[in-house]
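Commentary on secondary and tertiary structure
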Amino acid sequence: MDEALLRSLTPSVLTVLVRRGADFAAAEDAVQDALVEAVRVWPDDPPRDAKGWLVTVAWRKFLDATRADTARRRREDLVEEEPAPGPAPSVDDTLQLYFLCAHPSLTPSSAVALTLRAVGGLTTRQIAQAYLVPEATMAQRISRAKRTVSGTRLDRPGDVATVLRVLYLVFNEGYSGDLDLAAEAIRLTRQLAAVSDHPEVAGLLALMLLHHARRAARIAPDGGLVPLAEQDRGRWDTGAIAEGVRILQAALARDRLGEFQAQAAIAALHADAPTAAETDWVQIVEWYDELARLTDSPVVRLNRAVAVGEADGPRAGLAALAELDGTLPRYAAVSAYLHERAGDLRTAARLYTEAAGKATDLLERDHLTRQAARLNTRLHAGLDA
Amino acid sequence: MAKYLMLKHYRGAPCPEGFVPMDQWTPEEISAHVQYMHDFAAKLEKTGEFVDAQGLAPEGVWVRYDGEGRPPVTDGPFAETKDLIAGWMVIDVDNYERALELAGELSAAPGAGGKPIHEWLELRPFMAAPPTITE
């Protein structure tokens, strides 16, 4: 059975129910029930019209639930009334669903959970496992999120930027757990790109594809992080890179630059270099300048200092770094790298140790500790000789 | 979205002002304290922020490997060990500010005279998975 197909039908089935008058929260539950039923029934009895099957079953589930409800009056109205065919749900409905699930009244974690369930068609259990929280906690998070947006109508356009932030969060959560959140984020962004021609949607999709393409090369067999410069580029997914670049070029051609397009442009320049040494760092610095203009983020300026260090030499990189706030996350790591490039191994080793102490994830901490150990070993060997 | 550990200590945390040991409370005050903890956890389950809560017995031993074919060596408990963890609660929240807010709320559990005990809790972020996008 094609689970991807099943899940991709989720948003359109949900919008049909809402169009027919079901409230969002109840409709969403009914669609989940229908998905579960499909997983059970389809392998032996595949439907001819998958979407039609899901709509019928979800609608029946919705009526059953409503019947069990105290809202007798409303139920009778709905049962009496043959569901009005109404205007056929259009691509806009799917877009509205994205807006609703990323509604600004939701906290980021609620928006993420609701998007994965109502748009992504994932079960509460799958989402809970991906985020390493108990299923009951995730169930509450989702039902609270549904209550929060329950008064919101599906007919007002939202802000694409809020949706993109949610999808970016899902993608960036990484690869923990059985569920591949990065792949899920790509699927949802691709689906969004099909109903929205906003160039930043394309920019984010390109960014995801370009990073995802490097995934196999990013983690060493021992589980450690492999820095970009040391990755085996032969293991990069050239198909994903080509697609990312193509999508990005089409977006850039529309001349409405945004931060995701700029980030994707940087990722594309890395992807384009046959070897790390052939990276076009001058152009990357230019894109970081562009990105800094768009976002004014200190993290961007920190990354820019690394790029400046590659384009104009480590001294220039350190000078760019000196202008930044030393308490920024990863400041010590960047400083360590630039000091090593400048030949000051002793300072670099000390800074790598300091950076490891400040790391917020285990792989990064281990990577930085290994860098410090590598330099310390060299320094000791030098002293003994 | 980040997970935090709220750590309670039997020993090793700074002593709050006006500290009264639990065995000097009335039984009703102890019940009220326990109820507060339960209610707090239940509230976090409802907000979708609860991950785990556990208490630890105060007695434990130190264990270490002692070489091939030999049983592990045990030692202790050491009465002088400065830090003694009493238990924890793990939360999954949107940001650091929210974690602080919840830790403050947990520390306000009632004690003697029904007044908040102002217990010092240690708040520690979890190491996360590395982000997909780093450069």
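Residues numbered from 1 in each chain as written. Chains lettered and ligands numbered in written order. Predicted model: local features only at pLDDT ≥ 70, side-chain atom pairs only at ≥ 80, totals over all residues. Heavy atoms only, no water.

It is worth spelling out the overall build of chain A at this point. Tallying secondary structure elements over chain A gives 21 helices and zero strands in all. When the backbone C-alpha atoms are referred to their principal axes, chain A occupies close to 90 × 45 × 40 Å. The long-range fraction of contacts in chain A, counting pairs at least 24 apart against all pairs at least 6 apart in sequence, stands at 62%. (Helix = DSSP H or I, 4+ residues; strand = E, 2+ residues; numbered from the N terminus. Contact = heavy atoms within 4.5 Å.)

Moving on, we get to the packing of helix α18 (residues 314–322) of chain A against helix α19 (residues 331–341) of chain A. All names here are of chain A. Axis separation between α18 and α19 bottoms out at 8 Å; the angle between their running directions is 155°. The angle between the axes of α18 and α19 places the two elements in the roughly antiparallel class. The element α18 and its partner α19 pack so that their crossing is left-handed. For the pair formed by α18 and α19, the contact residues are Pro 314, Gly 317, Leu 318, Leu 321 and Ala 322 on the first element and Tyr 331, Val 334, Ser 335, Leu 338, His 339 and Arg 341 on the second. For the contact of α18 with α19, the per-class residue count stands at seven nonpolar, three polar and one charged. (Axes fitted to C-alpha atoms, helices over the stretch in contact; angles between N-to-C directions. Parallel < 35°, antiparallel > 145°, perpendicular 65-115°, else oblique. Left-handed = near helix turned anticlockwise from the far one by under 90°. Nonpolar A, V, L, I, M, F, W, Y, C, P; charged D, E, K, R; others polar.)

Turning our attention to the pairing of strand β1 (residues 2–11) of chain B. Residues and elements named next belong to chain B. Extensive coverage of β1 is indicated by the burial of seven of its 10 residues. Sheet analysis places β1 next to strand β5 (residues 84–93), joined by nine bridges and oriented antiparallel. Residue pairing across strands places Met 6 opposite Met 89, the latter belonging to β5. (Buried < 20%, exposed > 50% of the residue type's maximum accessible area, 1.4 Å probe, protein only. Pairing = 2+ DSSP bridges.)

Another point: the sheet that holds strand β2 (residues 50–55) of chain B. Residues and elements named next belong to chain B. Taken together, four strands build an open sheet; the order of strands is β2-β5-β1-β6 and the sheet is antiparallel. Each edge of the sheet is formed by a strand with only one pairing partner; in this case those strands are β2 and β6 (122–125). On average, each strand axis in the sheet is tilted by 20° relative to the strand beside it, whichever way the strands run. The pairing of β2 with β5 spans five bridges and is classified as antiparallel. Paired with Asp 52 across the strands is Val 90, a residue of β5. Each of β1, β2 and β5 touches helix α1 (residues 27–47); the most contacted strand, β5, lies at about 25° to it.

This part takes up the confidence of the model for chain A. Detailed conclusions should not be drawn from predicted coordinates in areas where pLDDT is low. A residue-level look at chain A finds 91% of positions with pLDDT of 70 or above and a mean pLDDT of 90. Here helix α5 (residues 72–80) of chain A stands out as the least confident element of chain A, with mean pLDDT 55; helix α14 (residues 238–252) of chain A is the most confident, with 98. (pLDDT = per-residue confidence, 0-100.)

Right, let's talk about the pattern of salt bridges for a bit. All names here are of chain B. One pass over the structure, following the stated rule, counts 30 salt bridges over all chains. Between Asp 66 and Arg 70 there is a salt bridge, and its shortest N-O distance comes to 3.1 Å. By relative accessible area, Asp 66 is classed as partly exposed at 24%. Glu 101 is paired through a salt bridge with Arg 98; the nearest N and O atoms lie 3.2 Å apart. In this pair, Glu 101 and Arg 98 both sit in helix α2 (residues 96–107), three residues apart, roughly one turn of the helix. On the basis of relative accessible area, Glu 101 is assigned to the partly exposed category, the value being 46%. (Salt bridge = Lys/Arg side-chain N within 4 Å of Asp/Glu carboxyl O.)

Here we come to α2(B). Residues and elements named next belong to chain B. Compared with an ideal rise of 1.5 Å per residue, which puts 12 residues at 16 Å, α2 spans 16 Å between its outermost C-alpha atoms and is within 8% of the ideal. Those residues of α2 not exposed but buried are Arg 98, Ala 99, Leu 102, Ala 103, Leu 106 and Ser 107. Looking at the buried side of α2, the elements it contacts are β1, α1, β5 and β6. (Expected span 1.5 Å × (residues − 1).)

A few words on the domain arrangement of chain A. Residue and element names in this part refer to chain A. Here chain A is partitioned into domain 1 (3–79), domain 2 (95–179) and domain 3 (197–279). On a C-alpha basis, the centres of domain 2 and domain 3 stand 25 Å from each other. The interface is formed by six residues belonging to domain 2 together with 12 residues belonging to domain 3. When domain 2 packs against domain 3, close to 850 Å² is buried across both sides, 81% of that on carbon and sulfur atoms. (Domains from an automatic or database assignment. Buried area = accessible area lost by both parts, 1.4 Å probe.)

The next point concerns the side chain of Ser12(A). Checked against the element boundaries, Ser12(A) lands in helix α2 (residues 10–19). For Ser12(A), the side chain forms a polar contact with the main-chain oxygen of Leu9(A), separated by 3.1 Å. (Polar contact = N/O pair within 3.5 Å; in protein donor to acceptor, adjacent residues only side chain to side chain.)

Across the boundary between the two partners, chain A contributes 37 residues, which contact 21 residues of chain B. When chain A packs against chain B, close to 2,500 Å² is buried across both sides, 54% of that on carbon and sulfur atoms. In terms of surface lost to chain B, no three residues of chain A exceed Asn172(A), His211(A) and Arg218(A), which account for 17% of the buried area on that side. Put simply, chain A and chain B have one salt bridge between them. Residues Arg141(A) and Asp92(B) are paired through a salt bridge, measuring 2.8 Å at the closest nitrogen-oxygen approach. Of all the secondary structure elements, the ones that give two or more residues to the side of chain A that touches chain B are α7 (108–119), α9 (135–149), α10 (160–172), α12 (199–212), α15 (259–272) and α21 (362–384) of chain A. Looking at side-chain class alone, the side of chain A that touches chain B contains 17 nonpolar, 12 polar and eight charged residues.

Our focus in this paragraph is helix α20 (residues 345–358) of chain A. With 14 residues, α20(A) extends 20 Å from end C-alpha to end C-alpha; this agrees with the ideal 20 Å at 1.5 Å per step. All of the buried residues along α20(A) are Leu345(A), Thr347(A), Ala348(A), Ala349(A), Leu351(A), Tyr352(A), Ala355(A) and Ala356(A).

This paragraph deals with the side chain of Glu340(A). Residue and element names in this part refer to chain A. Relative to the helices and strands, Glu 340 is located in helix α19. For Glu 340, a relative accessible area of 18% corresponds to the buried category. In this structure the side chain of Glu 340 is engaged in a polar contact, spanning 3.0 Å, whose partner is the side chain of Arg 374. The residues contacting Glu 340, other than those within four sequence positions of it, are Leu 345, Ala 348, Tyr 352, Arg 374, Leu 375 and Arg 378.

This next bit is on the environment of Met37(B). All names here are of chain B. Mapped onto the secondary structure, Met 37 falls in helix α1. Sequence separation of Met 37 and Leu 106 is 69 residues, and the distance between their C-alpha atoms is 7.4 Å. Filtering out sequence-adjacent residues up to four positions away, Met 37 remains in contact with Lys 8, Leu 106 and Ala 109.

All right, on to the packing of aromatic side chains then. Residue and element names in this part refer to chain A. Enumeration according to the criterion identifies four aromatic pairs over all chains in this entry. A centroid spacing of 5.6 Å and a plane angle of 35° characterise the contact between Tyr 168 and Phe 260, whose relative ring orientation is tilted. Of this pair, Tyr 168 sits in helix α10 while Phe 260 sits in helix α15, and the two are 92 residues apart along the sequence. By relative accessible area, Phe 260 is classed as buried at 7%. For the cation-ring pair, Arg 20 lies above Trp 59, with the distance from its terminal atom to the ring centre recorded as 5.1 Å. Positioned above the aromatic ring of Trp 236 is the side chain of Arg 214, whose terminal nitrogen or guanidinium carbon lies 5.7 Å from the ring centre. (Phe/Tyr/Trp six-rings, centres within 6.5 Å; stacked < 30°, edge-to-face > 60°. Lys NZ or Arg CZ within 6 Å of the ring centre and 35° of its normal.)

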